[in-house]
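Examining the three-dimensional arrangement
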Amino acid sequence: PIITEFVADNDDSLTDGNGANPDWIEIFNPGAESLNLSGWHLTDDPSNLRLWTFPSVDLAAGAYLVVFASGDDGTDLAGNLHTNFRINANGDFLGLVQPDATTIVSQWPADGEEFPKQFEDLSYGFTAHHRMLL
């Protein structure tokens, strides 16, 4: 799986199941098989690769999953996942980490530093087939 897109300053680009507009991260499974994300991690802290751990959730081959970075750590009324951290719109790091909690399989930015300042309701990412800013 990879992080394909995120919004770090969500005003009204996407609404969660509670009617709020927290930041969000999109995960894509480019594989040919369904993948259970149980034990995988998302983090905005390169020194804490276990910051938030996925519960048991299947991500079908070729499917996308939005995880809200609200700081609420759980699920909302519609069953959407929420991390225990928020994304810093002034620049931050995002990483998707294997269950071993040491292997980063996808990160923003690629050099592991910080992505640049983000703007309200603009997504940052790339398609699964072409790297590009959206």
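Scroll up a little and you will see the structure.
Residues numbered from 1 in each chain as written. Predicted model: local features only at pLDDT ≥ 70, side-chain atom pairs only at ≥ 80, totals over all residues. Heavy atoms only, no water.

1. Some points on the side chain of Thr 43
Structurally, Thr 43 is set in strand β4 (residues 41–43). Of the residues examined, Thr 43 reaches a relative accessible area of 0% and is grouped as buried. If near-sequence neighbours (up to four positions away) are discounted, Thr 43 is found in contact with Asn 48, Leu 49, Leu 51, Phe 85, Phe 93, Leu 94, Gly 95 and Val 97. (Helix = DSSP H or I, 4+ residues; strand = E, 2+ residues; numbered from the N terminus. Buried < 20%, exposed > 50% of the residue type's maximum accessible area, 1.4 Å probe, protein only. Contact = heavy atoms within 4.5 Å.)

2. Side note on the pairing of strand β10 (residues 94–97)
Of the two faces of β10, the one lined by Leu 94 and Leu 96 and the one lined by Gly 95 and Val 97 are each fully buried. Of the strand pairs in this sheet, β4 and β10 are connected by three bridges, and their pairing is antiparallel. Bridged to Leu 42 within β10 is Leu 96. Relative to strand β11 (residues 104–108), β10 runs antiparallel, the two being bridged by four bridges. Counterpart to Val 97 in the pairing with β11 is Ile 104. In this structure, the hairpin formed by β10 and β11 is closed by a connection of six residues, where Ala 101 is found at a positive phi of approximately 60°. (Pairing = 2+ DSSP bridges.)

3. Remarks on the side chain of Asn 29
With respect to the secondary-structure elements, Asn 29 resides in the loop between β2 (23–28) and β3 (35–36). In this structure the side chain of Asn 29 is engaged in a polar contact, spanning 2.9 Å, whose partner is the backbone oxygen of Leu 59. Sequence-distant contacts of Asn 29, defined by excluding residues within four places in its chain, comprise Pro 1, Ser 34, Leu 35, Leu 59, Ala 60, Ala 61, Gly 62 and Ala 63. (Polar contact = N/O pair within 3.5 Å; in protein donor to acceptor, adjacent residues only side chain to side chain.)

4. Notes on the packing of aromatic side chains
Throughout the structure, instances matching the rule amount to seven aromatic pairs. Ring geometry for Trp 52 against Phe 54: centres 4.8 Å apart, planes inclined by 65°, an arrangement best described as edge-to-face. Accessibility classification places Trp 52 together with Phe 54 in one group, the buried group. Within the aromatic cluster, the residues linked to one another by ring pairs are Phe 6, Trp 108, Phe 115 and Tyr 124. (Phe/Tyr/Trp six-rings, centres within 6.5 Å; stacked < 30°, edge-to-face > 60°.)

5. Some thoughts on unusual backbone geometry
One non-glycine residue with positive phi stands out, namely Asp 73, at about 50°. Among the secondary structure elements, Asp 73 is positioned in the loop between β7 (64–69) and β8 (74–75). Of note, Asp 121 is a non-glycine position whose phi angle comes to about 60°, a positive value.

6. Remarks on the sheet that holds β4
What the four strands build is an open sheet, ordered β5-β4-β10-β11; its pairing is antiparallel. Among the strands making up the open sheet, the edge pair consists of β5 (52–53) and β11.

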